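# Analysis of the macromolecular model
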Amino acid sequence: MGKYEIALIGLSVMGQNLSLNIAKNHSIAVYNRTSSKTENFMNNKVKNENIKATYSIEELLDSLEKPRKVMLMIKAGKPVDLVIEELKPHLESGDIIIDGGNSYFEDTNRRNKILAEDGIHYLGVGISGGEYGALHGPSIMPGGDQEAYAEVEKIFEDAAAKTEHGNCVSYLGPNSAGHYVKMVHNGIEYGIMESIAEVYDYMRKVIKLNPEEMSRVFADWNEEFKSYLIEITAEILQRDDLETDEKLIDIILDKAKHKGTGKWSVQSALDLGTAVPTINAGVNARLMSALKVERIENSALFDQPKKAKVNIEKILPKLKSALYLTSLSAYAEGFKLLKAASEEYNYDLNYQEIARIWEDGCIIRSGLLQPIQKAFAENKNLKTLITAPQFRIKLYQDAKNTRDVINTAAESELPLPAVHSALDYFFSLKSKELPANLIQAQRDFFGAHTYQRRDKEGSFHTEWE
Ligand code: 6PG
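Residues numbered from 1 in each chain as written. Predicted model: local features only at pLDDT ≥ 70, side-chain atom pairs only at ≥ 80, totals over all residues. Heavy atoms only, no water.

### Some remarks on the domain arrangement of the chain
- Under the domain assignment, the chain is made up of domain 1 (6-175), domain 2 (182-429) and domain 3 (437-465).
- At the interface, 27 residues of domain 1 touch 24 residues of domain 2.
- Surface buried jointly by domain 1 and domain 2 totals about 1900 Å² across both partners, of which 60% is contributed by carbon and sulfur atoms.
- On the domain 1 side of the interface with domain 2, the three residues burying the most area are F105, H165 and L172, jointly 26% of the side's total.
- For the pair domain 1 and domain 2, the number of links is zero salt bridges.
- Applying the counting criterion to the domain 1 and domain 2 interface returns nine residue pairs in polar contact (both at pLDDT 80 or more).
- Counting residues per element, the ones that place at least two in the side of domain 1 that touches domain 2 are β6 (121-128), β7 (139-144), β8 (162-163) and β9 (166-167).
- Broken down by class, the residue content of the side of domain 1 that touches domain 2 amounts to 11 nonpolar, 14 polar and two charged. (Domains from an automatic or database assignment. Contact = heavy atoms within 4.5 Å. Buried area = accessible area lost by both parts, 1.4 Å probe. Salt bridge = Lys/Arg side-chain N within 4 Å of Asp/Glu carboxyl O. Polar contact = N/O pair within 3.5 Å; in protein donor to acceptor, adjacent residues only side chain to side chain. Helix = DSSP H or I, 4+ residues; strand = E, 2+ residues; numbered from the N terminus. Nonpolar A, V, L, I, M, F, W, Y, C, P; charged D, E, K, R; others polar.)

### What about the sheet that holds strand β5 (residues 96-99)?
- Overall, mixed pairing links the seven strands, which are arranged β3-β2-β1-β4-β5-β6-β7 in an open sheet. Since the sheet does not close on itself, it has two edges, and those belong to β3 (51-53) and β7, each with one partner. Strand-to-strand twist across the sheet, computed as the mean angle between neighbouring axes with direction ignored, equals 25°.
- Bridging between β5 and β6 involves four bridges; their strand directions are parallel. Bridge pairing in β6 places I96 opposite H121.
- Across the sheet, helix α8 (residues 177-207) lies against β5, β6 and β7, angled at about 20° from β6, the strand it touches most. (Pairing = 2+ DSSP bridges. Axes fitted to C-alpha atoms, helices over the stretch in contact; angles between N-to-C directions.)

### Side note on the pattern of salt bridges
- Applying the stated criterion to the full structure yields 24 salt bridges.
- As a salt-bridge pair, R204 and D201 come within 3.0 Å of each other at their nearest N and O atoms. Note that R204 and D201 are positioned in helix α8 at a spacing of three residues, about one turn of the helix.
- Residue R204 is classed as partly exposed on the basis of its relative accessible area of 32%. (Buried < 20%, exposed > 50% of the residue type's maximum accessible area, 1.4 Å probe, protein only.)

### Quick look at unusual backbone geometry
- Along the chain, K66 connects to P67 via a cis peptide bond; the corresponding omega equals -5°.
- On the secondary structure map, P67 appears in the loop between α3 (57-62) and β4 (69-72).
- The phi dihedral of K208 is positive, around 65°, even though this residue is not glycine.
- The exposed category is assigned to K208, whose relative accessible area is 57%.
- At D348, a residue that is not glycine, the phi angle is positive and equals roughly 55°.
- Of note, D348 is situated in the loop between α15 (312-345) and α16 (351-357).

### With respect to the side chain of D201
- Judged by relative accessible area, which is 13%, D201 ranks as buried.
- Other than its neighbours up to four places away in sequence, D201 contacts V206 and L414.

### Details of a nonpolar patch on the surface
- Together, F445, F446 and W464 make up a nonpolar patch on the protein surface, roughly 360 Å² of accessible area in all.
- If you trace the backbone, F446 turns up in helix α20 (residues 436-447). (Patch = residues over 30% accessible without salt bridge, like charges linked within 9 Å, V, L, I, M, F, W, Y side chains within 5 Å. Areas by Shrake-Rupley, 256 points an atom, 1.4 Å probe, with all protein chains shown as cover.)

### Things to note about the packing of α8 against helix α9 (residues 211-225)
- The geometry of α8 relative to α9 is characterised by a closest axis approach of 11 Å and an angle of 135° between their N-to-C directions. Judged by the inter-axis angle, α8 sits oblique to α9. Where α8 crosses over α9, the two elements pack in a sense that is right-handed. Residues I196, V199, Y200, M203 and R204 of α8 lie in contact with α9, whose contacting residues are M214, V217, F218 and W221.
- Its residues placed into classes, the contact of α8 with α9 shows eight nonpolar, no polar and one charged. (Parallel < 35°, antiparallel > 145°, perpendicular 65-115°, else oblique. Left-handed = near helix turned anticlockwise from the far one by under 90°.)

### Quick look at the site of the ligand
- Around the ligand sit 14 residues, and of these S128, E189, Y190, K259 and R286 come closest.
- In this structure, S128 approaches the ligand through a side-chain N or O atom, which is 2.5 Å from an oxygen atom.
- The side chain of R286 places a nitrogen or oxygen atom 2.7 Å from an oxygen atom of the ligand.
- Coverage of the ligand by the protein amounts to 80% of the 420 Å² it exposes when considered alone.
- Ranked by residue count, the leading element in the shell around the ligand is α8, at five residues.
- Structurally, the shell around the ligand is a two-domain feature, drawing no fewer than three residues from each of domain 1 (6-175) and domain 2 (182-429). (Near = heavy atom within 4 Å.)

### Observations concerning the pairing of β4
- Burial along β4 is two-sided: K69 and M71 and V70 and L72, pointing in opposite directions, are all buried.
- Bridge analysis of strand β1 (residues 6-9) against β4 gives three bridges, and the strand direction is parallel. Bridging from a neighbouring strand, A7 pairs with V70 of β4.
- Note on the crossover from β4 through helix α4 (residues 78-87) to β5: the handedness is right-handed. (Right-handed = clockwise from strand over helix to strand, strands pointing away.)

### Notes on the packing of aromatic side chains
- Under the criterion given, the structure shown has 18 aromatic pairs.
- Note on F225 and Y324: the rings are 6.2 Å apart at their centroids and 50° apart in plane angle, and the pair reads as tilted. Placement of the pair is F225 in helix α9 and Y324 in helix α15, with a sequence separation of 99 residues.
- Owing to a relative accessible area of 7%, F225 belongs among the buried residues under this scheme.
- Centroid distance F426 to F427: 6.1 Å. Interplanar angle 35°. Geometry classified as tilted.
- Here a set of aromatic residues connected by ring pairs shows up, and it is made of Y104, F105, Y180, W264, Y345 and Y347.
- When the ring centre of Y190 is taken as reference, the NZ or CZ atom of R286 above it lies at 3.7 Å.
- In this structure, K430 is placed above the aromatic ring of F426, and the distance from its NZ or CZ to the ring centre is 5.9 Å. (Phe/Tyr/Trp six-rings, centres within 6.5 Å; stacked < 30°, edge-to-face > 60°. Lys NZ or Arg CZ within 6 Å of the ring centre and 35° of its normal.)

In structure tokens:
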């Protein structure tokens, strides 16, 4: 074989699976710092001569046609900087580094700028779909120099998930646009995961369904939602534990970790002055879950709440409404954040196209992404999805239905932070009047911060004391 089309560094399962996926259509040279991992991969997984193992950075780069394209599938953060430092002396102007990890978007901007000084292109590419998606077709969110992207476009198009609307990959914009969009994808992922978890919690504690029953409810609802996260939830709830007679879900500890992308979404949203309460609820819920020991101690100090009495036939459709409202709110907040970021960072994002490439391959794929595409196709400047004709009427009905869920959850002392946040987000965004007049007055009272009036332009101050 002559020179290889692309290189991949980092043979974790994601890196391995993506290499195997790319190799179906293109030649690829791979490298991993620990060589035994490369050997294992070659001996146990590779049956395709399109993949070449290399055992040094020099050998890797020598194997490539020019301009050289080197994809990094390594842990975000410092490791990426270290590998770039290692690669740099061997690269030349026109070569392309592709970062396929969940890198922080500001890091991508910084790396882009530094490498551009030597004429090296840097593409920040979000890849979603987990291990399965990497092998069978992920959703790919590339950003960076558009000419450099043209050099790898065919490889990504071939590797991406496919739908009737095209391949789940699209050039998204300059600089960190790809990593920013992936970060928001993950923020939405946090919001939806938390919504499903809260609905599950309500079902088990208030309605007192067992995991099998809950699984059936989720599977039934998913005929309509067509959501990957709901689909895997139904599967999770069925799984038996191999070591006990319990369902595995009942054995798993109620304490969730996170790697940063959800937190960054919220931080960035705050920096841009955009509210993302449902996504934030998803992040906060994981922080609260981490306080397991403290929660156990605290629970001993309070009476155990009595659960509200509910009629299962009546409450289940309302719970479904709550899940719809909360999931949609996560998407709506995410797209609003993307809009703010696009304006601030000149990404020039195409929201319809983003919804299209999220339609399959990624973790947040669901039936909602088609009407979301339609909403943006009909109105490119749509300010919020909640007012789009595709959602407005249903959302209003779902918000009404959600009240009963909220009330009975409160009676049962069951926290539903994402559901509450989504409902408040909807109510706030459609409120002609909010109580910020009083906030203005308070600020002016204690800090002479001035206020604006309804009846004339300008800034005003009152001597309150
Ligand atoms: C994806 C996932 C993936 C990863 C998350 C997990 O789109 O394939 O989002 O990137 O599983 O980053 O994030 P947490 O560890 O923060 O939950």
